[in-house]
Amino acid sequence: MQRCLNLAQLGAGKVAPNPMVGAILVYGDRIIGEGYHQEYGKAHAEVNCIGSVRPDDRPLIPKSTLYVSLEPCAHFGKTPPCADLVIKQKIPRVVVGCRDPFEQVNGKGIEKLEAAGVEVIPGMLEEDCRMLNRRFFGFHTLRRPYVVLKWAQTADGRIAAAPLTNGQPERLLISNACSNRLVHRWRSEEVGILVGTNTALLDDPGLTTRLWPGSNPVRLVIDMDLKLPGHLQLFNSDAPTVVFNLHKHSLPFDNISPGLLRENGISYYQVSSNTSLVPQLMNALYRLNILSVLVEGGGRLLQSIIDEGLWDEARIITNETLTIGKGLPAPALKNQKLRQAFMLGADQVKIYANQNMQTS
Ligand code: AOF
Ligand code: ZN
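Draft legend 1. Quick look at the coordination of the zinc ion (ligand 2). His44 (ND1), Cys73 (SG) and Cys82 (SG) make up the full set of protein donors to the zinc ion (ligand 2), lying at 2.0 to 2.2 Å. Considering all four donor atoms around the zinc ion (ligand 2), the spread of angles at the metal, 98 to 118 degrees, places the coordination shape in the tetrahedral class. Overall, the relative accessible area of 18% leaves His44 in the buried class. Overall, the relative accessible area of 1% leaves Cys82 in the buried class.

What follows is the structure, encoded as structure tokens:
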């Protein structure tokens, strides 16, 4: 099962909104087939695994055990049900990592296998399997994206310089080149990247993965009154952008596919001024099939997400050698649990989980 997890991980950044899944076929003490879900819309792990068995070994398939990190699917999606394939191949035993929470599967794959006489052994390395797909699990059980907050702060807890009396604050570079590269990797691992109006305007971020080989996330920006100027980097053609606003709507909501948002260009999503913004955003991202989102600021947006409790992870980079005395204070986390801490030069990286979430 650990091998399945390692294989599954090779699909990171390429399969969302699907889960990462790995499978192996074992005869005696020998692995005769391996596969993983490589790309959204393409073959599932089980199909690739069975397809990889060498012709000489094919007669062993009906005497082998299939290990798969997620329950085999039972539905016709972009591909036919994997449970049917297992039954057709007469595989007698399937060891499953964890159940698939997707409502069209959710136990039905296991039931289908058992009804056909296949022995199913569920729950092997279950916690690790759920952890690997925490974005997918969160999305389907909470009906909102998996939310990763990220900010860089000075040693004295500031995320930006104080505004000058005569205009814009000076631009403050807090994290070092190593950390910046890591952040670009983080960007490549989430489906969307969200910023507020002031961050878009004052920092003019590109929100792409220039410093890391991976795909760009969908850029999500809040601009209630559509006042952001068109020359900002996030409106360039490097990646798709969705503008959340009070006035304009231009997305075909009956048929949202991840492919739609992978096409570069600007779309508009209208929100209402009557209810609070953060829950509306979460609902919108769920409808847009955006499995996970990295929130890169600014302070006010981060704090309102924390206050609503609608976050899963917070990744905080602290430059331990920089103090600026005054400036914009960093957001204050609540209910956090430290999961990981490491140094990159003088930058300390701390990763927290929201302890109120199942996935913590
Ligand atoms: C599996 N093995 O490797 C994966 C599964 O649209 P489709 O056909 O690609 O189906 C997507 C759904 O299938 C996804 O939401 C999840 O429930 C399941 N993913 N299942 O048996 C796999 N990736
Ligand atoms: Zn499948």
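Draft legend 2. Geometry of the site of ligand 1. Near ligand 1 there are 19 residues, and of these His44, Ala45, Glu46, Lys78 and Asp100 occur at the shortest range. Contact between ligand 1 and Ala45: an oxygen atom at 2.7 Å from a main-chain N or O atom of the residue. In this structure, Cys73 approaches ligand 1 through a main-chain N or O atom, which is 2.8 Å from an oxygen atom. Its residues placed into classes, the shell around ligand 1 shows nine nonpolar, six polar and four charged.

Draft legend 3. Layout of the nonpolar core. In this structure, Leu25, Leu66, Ile91, Val94 and Leu113 are the most contacted members of the largest nonpolar core, which totals 43 residues. Sequence-distant contacts of Leu25, that is, excluding residues within four places in its chain, are made with Arg30, Ile31, Ile32, Gly33, Cys49, Val53, Ile61, Ser64, Thr65, Leu66 and Ile91. Membership of the second largest hydrophobic core comes to 33 residues, among which are Val147, Leu251, Met282 and Ala314.

Draft legend 4. Representation of the sheet that holds strand S3 (residues 65–70). As summarised here, the arrangement of the five strands in space is S2-S1-S3-S4-S5, forming an open sheet in which the pairing is mixed. Single-partner strands in this sheet number two, and they are strand S2 (30–36) and strand S5 (119–122). For this sheet, the mean angle separating the axes of adjacent strands, direction not counted, is 20 degrees. One ladder, built from six bridges, connects strand S1 (residues 22–27) with S2; its direction is antiparallel. Bridge pairing in S2 links Tyr27 to Arg30.

Draft legend 5. The pattern of salt bridges, seen in detail. This model, assessed by the stated rule, comprises 15 salt bridges. One salt bridge in this structure joins Arg134 and Glu313, with 2.9 Å as the shortest N-O distance. Highlighted residues: Arg134 in helix H6 (residues 134–142) and Glu313 in strand S13 (residues 313–319), separated in sequence by 179 residues. Each member of the pair Arg134 and Glu313 is classed as buried. Each of Arg134, Glu313, Arg315 and Arg339 takes part in one network of salt bridges that share partners.

Draft legend 6. Just unusual backbone geometry, in detail. With an omega dihedral of 5 degrees, the bond running from Ala16 to Pro17 counts as a cis peptide bond. As for its placement among the helices and strands, Pro17 is situated in the loop between helix H1 (2–9) and S1. Residue Gly298 follows Gly297 across a cis peptide bond; omega there is 0 degrees. Within the element layout of this structure, Gly298 appears in the loop between strand S12 (292–295) and helix H11 (299–308). Its identity as a non-glycine residue notwithstanding, Leu226 has a phi of 50 degrees, on the positive side. Looking at where Leu226 falls in the secondary structure, it is placed in the loop between strand S9 (218–222) and strand S10 (240–245).

Draft legend 7. Highlighting helix H4 (residues 108–115). Inspection of H4 places Gly109, Ile110 and Leu113 among the buried residues, and these make up the whole buried set. Mapping the buried residues of H4 onto a view down its axis gives an arc of 95 degrees, with all of them on the same face. Opposite the packed face of H4, turned more than 90 degrees from it, sit the exposed residues Glu111 and Ala115. Following H4 by one or two positions, Gly117 adopts a phi angle in the positive range, close to 90 degrees.

Draft legend 8. Inspection of the sheet that holds strand S8 (residues 192–195) at higher detail. What the nine strands build is an open sheet, ordered S11-S10-S9-S8-S12-S6-S13-S16-S15; its pairing is mixed. Each having just a single partner strand, strand S11 (265–270) and strand S15 (336–344) make up the two edges of the open sheet. In this sheet, adjacent strand axes meet at a mean angle of 20 degrees when their direction is disregarded. As defined by bridge partners, S15 adjoins strand S16 (residues 347–354) across eight bridges and the pair is classed as antiparallel.

Draft legend 9. Broad picture of the side chain of His44. With respect to the helices and strands, the residue His44 is situated in the loop between S2 and helix H2 (45–51). In this structure, His44 is in contact with Asn18, His37, Cys73, Thr79 and Cys82, ignoring residues within four places of it in sequence.

Draft legend 10. Quick look at the packing of aromatic side chains. If you walk through the whole model with that rule in mind, you get three aromatic pairs. Their ring planes at 90 degrees and their centres at 6.2 Å tell us that Phe136 and Phe137 sit as a pair that is edge-to-face. Neither Phe136 nor Phe137 differs from the other in exposure class; each is buried. Both rings, one in Phe139 and one in Tyr286, keep their centres 4.8 Å apart while their planes meet at 35 degrees; by these two values the pair is tilted. Residue Phe139 is located in helix H6, and its partner Tyr286 is located in helix H10 (residues 277–287); the two are separated by 147 residues in the primary sequence. If you follow Lys248 out to its NZ or CZ, it ends over the ring of Tyr268, 4.0 Å from the centre. When the ring centre of Trp186 is taken as reference, the NZ or CZ atom of Arg315 above it lies at 4.9 Å.

Calculation notes
Residues numbered from 1 in each chain as written. Chains lettered and ligands numbered in written order. Predicted model: local features only at pLDDT ≥ 70, side-chain atom pairs only at ≥ 80, totals over all residues. Heavy atoms only, no water. Donors = N, O, S within 2.8 Å, 3.2 Å for Na, K, Ca; no water. Tetrahedral: all angles 85-135°; square planar, octahedral: opposite > 155°, others 65-115°. Buried < 20%, exposed > 50% of the residue type's maximum accessible area, 1.4 Å probe, protein only. Near = heavy atom within 4 Å. Polar contact = N/O pair within 3.5 Å; in protein donor to acceptor, adjacent residues only side chain to side chain. Nonpolar A, V, L, I, M, F, W, Y, C, P; charged D, E, K, R; others polar. Core = buried A, V, L, I, M, F, W, Y, C linked by side-chain atoms within 4.5 Å. Contact = heavy atoms within 4.5 Å. Pairing = 2+ DSSP bridges. Helix = DSSP H or I, 4+ residues; strand = E, 2+ residues; numbered from the N terminus. Axes fitted to C-alpha atoms, helices over the stretch in contact; angles between N-to-C directions. Salt bridge = Lys/Arg side-chain N within 4 Å of Asp/Glu carboxyl O. Arc of directions from axis to C-beta. Phe/Tyr/Trp six-rings, centres within 6.5 Å; stacked < 30°, edge-to-face > 60°. Lys NZ or Arg CZ within 6 Å of the ring centre and 35° of its normal.

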